[in-house]
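Each chain, written out:
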Amino acid sequence: MLEKRCDVAVIGSGPAGLAAAIAAKEAGAQDVVIIERDVELGGILLQCVHNGFGLEIFKEDLTGPEYAYRFIERAKEVGVEALVDTFVLDLTPLREIYAINKRDGMIKLDARAVVLAMGCRERPRGALAIPGFRPAGVYTAGTAQRLVNIEGYMPGERFVILGSGDIGMIMARRLTFEGAKVERMIEILPYVSGLRRNYVQCVLDYDIPLQLRHTVTFVKGHDRVEAVVSSEVDENWQPIPGTEETIPCDTLLLSVGLIPENELSKKAGVQLDPLTGGPYVDETMQTNVPGIFAAGNVVHVYDLVDWVTQAGYLAGRHAGEYAIQRRKESGRRLRVVAGDNVHHVVPHVFDPLSLEREPQELQFRVRHPVEAPVWIKVEADGKLVKQKKERYVRPSEMIMLKLSPEDYDKIAGARELSVRVEEKE
Amino acid sequence: MAVETTKLICITCPLGCELKVTHEGKRVLEVEGHQCKRGVEYAQQEISDPRRMIITTVRVKGGFHALVPVRSTEPVPKAKIFPILRKLREVELKAPVEMHQVVLANAEGTGIDVVTSRPLPAAN
């Protein structure tokens, strides 16, 4: 198993994860690792090929891939390490991440701070309990978006879209562009649930028939979707008998809401708010588990990617600062031991990182007097770090020796520091 | 020409202001309901010459993915959208593809180019 230590580990490389990794680096964190299960960085932005991103942050109208590209490039510039095609299996409350990929096999990543940036998932058919058969041809809108925009497959020819969220409306236009027919868009609410600009440029522009206060009450077809039944709903959102209409189609897309993706958070003991589906966070985006931060749609679902980026920056900066603090406070401890003719040494333990701040003094006494010149030697795992000549040594006289910041490299990787007296020949 | 009132929703930003546009044919007389000056510009453009961005994908041979996303460098006249999409369907690029590489120059005589919106390396 590959074992690594890092200052900040970010899980997910969408807009929140990229911003968090960049901000952690910019806050001074040393090793920042971003873990992505897909084959490249960018997350869902890469399949959002439409424009409308970046108006808040860049004052420019960018497509999803262009928006992602800016942050991917910035992450490279500041030296964020990317583990792509890597799946996180487990996260512990002690911020140990277990992950797996084809190149390294099992990986254990010991992180001083973690940023959860897993984003959200689409609400699936199972959550709606639509009666009918289980034929091929029922997709969430985002899955269809990936098929059409990244993988190059059309999931059908005649579509009904349930829900008028942004992804559903954008897919209505996208499918129309690719030659498909969108037979109907069905929304249970009395108004369009996505942004009005999308209603204009995706639905009105292409004369997509929109039905408000309706829902899908049956899916017809054994092997493949053949039609869906649409019904009007009453004020309690219950279908009104007698209003059923059969709409022939071969594919049903669901655009019925997003749910924060927190399976890993739960494993780490992160408490979730039942109202948002995401972690409880403080003003630094820290969860109830010390050192575990969360940002973006994993916390609650945002309207604009620009706001997700800002949440990522906030969480990343605080995660970076947390890691730096943690490194200072609880760096590795070296045991300091008394070697040949040394009675004891103070301090007994020693944090090598303390040398980064200032010189550190070792104080000790010898066991037996030597009335001749000697070398006092400080060794790290048997390797000489520093030596000092004395004309004699006596138990009654304490000896002091300073380690300087330049000595840090010699002792950084060692387990033990020892002091001994060697008689000069 | 008669003075008419047309209701529009501004698509320039996510606010989606509801505009009430008084116009005589293609000449805009008054715009109400906008929260910034882009709303007025949008209303004038939409009444005289409505335009939209072209956003789609084109095929790539030997690429890391089968497709690369493309965009028009600026909005094109609405009537040109489907003719341009038909042209783009015939395009096949060869990997590697650069960011903002021109895919279709002067699309359908609009003077507007269609360019890639990401780089795409060759397949591993």
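Treat the numbers as computed from the prediction; the structure is a model and nothing was measured.

## Side note on the packing of helix α4 (residues 166-177) of chain A against helix α5 (residues 196-204) of chain A
All names here are of chain A.
Stage number 1. Between α4 and α5, the least distance of the axes is 8 Å, while the angle of their chain directions is 30°. Taken together, the axis directions place α4 and α5 in an arrangement best described as roughly parallel. Our pair here, α4 against α5, has a crossing hand that is left-handed. Here D166, M169, I170, A172 and R173 of α4 lie close against α5, whose contacting residues are N198, Y199, C202 and V203.
Stage number 2. Residues of the contact of α4 with α5, tallied by class, amount to six nonpolar, one polar and two charged.

## A word on the domain arrangement of chain A
Residues and elements named next belong to chain A.
Stage number 1. Partitioning chain A into domains gives domain 1 (2-121 + 259-329), domain 2 (124-256) and domain 3 (334-423).
Stage number 2. Between the C-alpha centres of domain 1 and domain 2 the distance comes to 32 Å.
Stage number 3. In this complex, domain 1 contributes four residues to the contact, which on the side of domain 2 involves five residues.
Stage number 4. Residues belonging to the side of domain 1 that touches domain 2 are distributed by class as follows: two nonpolar, two polar and no charged.

## Some thoughts on the interface of chain A and chain B
Stage number 1. Each side of the interface is counted separately: chain A has 21 residues, and chain B has 19 residues.
Stage number 2. Of all the secondary structure elements, the ones that give two or more residues to the side of chain A that touches chain B are α2 (64-78), α3 (141-151) and α5 of chain A.
Stage number 3. Here the side of chain A that touches chain B takes four residues from α5(A), the largest share from any one element.
Stage number 4. Of the residues belonging to the side of chain A that touches chain B, the class tally is nine nonpolar, six polar and six charged.

## So, unusual backbone geometry
With glycine set apart, most residues show a phi of negative sign, and most peptide bonds adopt trans.
Stage number 1. Residue P347(A) is reached from V346(A) by a cis peptide bond, and omega for that bond is 0°.
Stage number 2. Note that P347(A) resides in the loop between β21 (342-346) and β22 (349-350).
Stage number 3. Backbone torsion omega between A95(B) and P96(B) reads 0°, so that peptide bond is classified as cis.
Stage number 4. As for its placement among the helices and strands, P96(B) is situated in the loop between β8 (92-94) and β9 (102-104).

## Structural notes on the pairing of strand β20 (residues 334-338) of chain A
Residues and elements named next belong to chain A.
Stage number 1. For β20 and β22, the ladder comprises two bridges, and the chain directions are antiparallel. Within β22, the residue paired with L334 across the bridge is F350.
Stage number 2. For β20 and strand β27 (residues 416-423), the ladder comprises four bridges, and the chain directions are parallel. What sits directly across from V337, in β27, is S418.

So, how was this worked out
- Residues numbered from 1 in each chain as written.
- Chains lettered and ligands numbered in written order.
- Predicted model: local features only at pLDDT ≥ 70, side-chain atom pairs only at ≥ 80, totals over all residues.
- Axes fitted to C-alpha atoms, helices over the stretch in contact; angles between N-to-C directions.
- Helix = DSSP H or I, 4+ residues; strand = E, 2+ residues; numbered from the N terminus.
- Parallel < 35°, antiparallel > 145°, perpendicular 65-115°, else oblique.
- Left-handed = near helix turned anticlockwise from the far one by under 90°.
- Contact = placed C-beta atoms within 7 Å.
- Nonpolar A, V, L, I, M, F, W, Y, C, P; charged D, E, K, R; others polar.
- Domains from an automatic or database assignment.
- Pairing = 2+ DSSP bridges.

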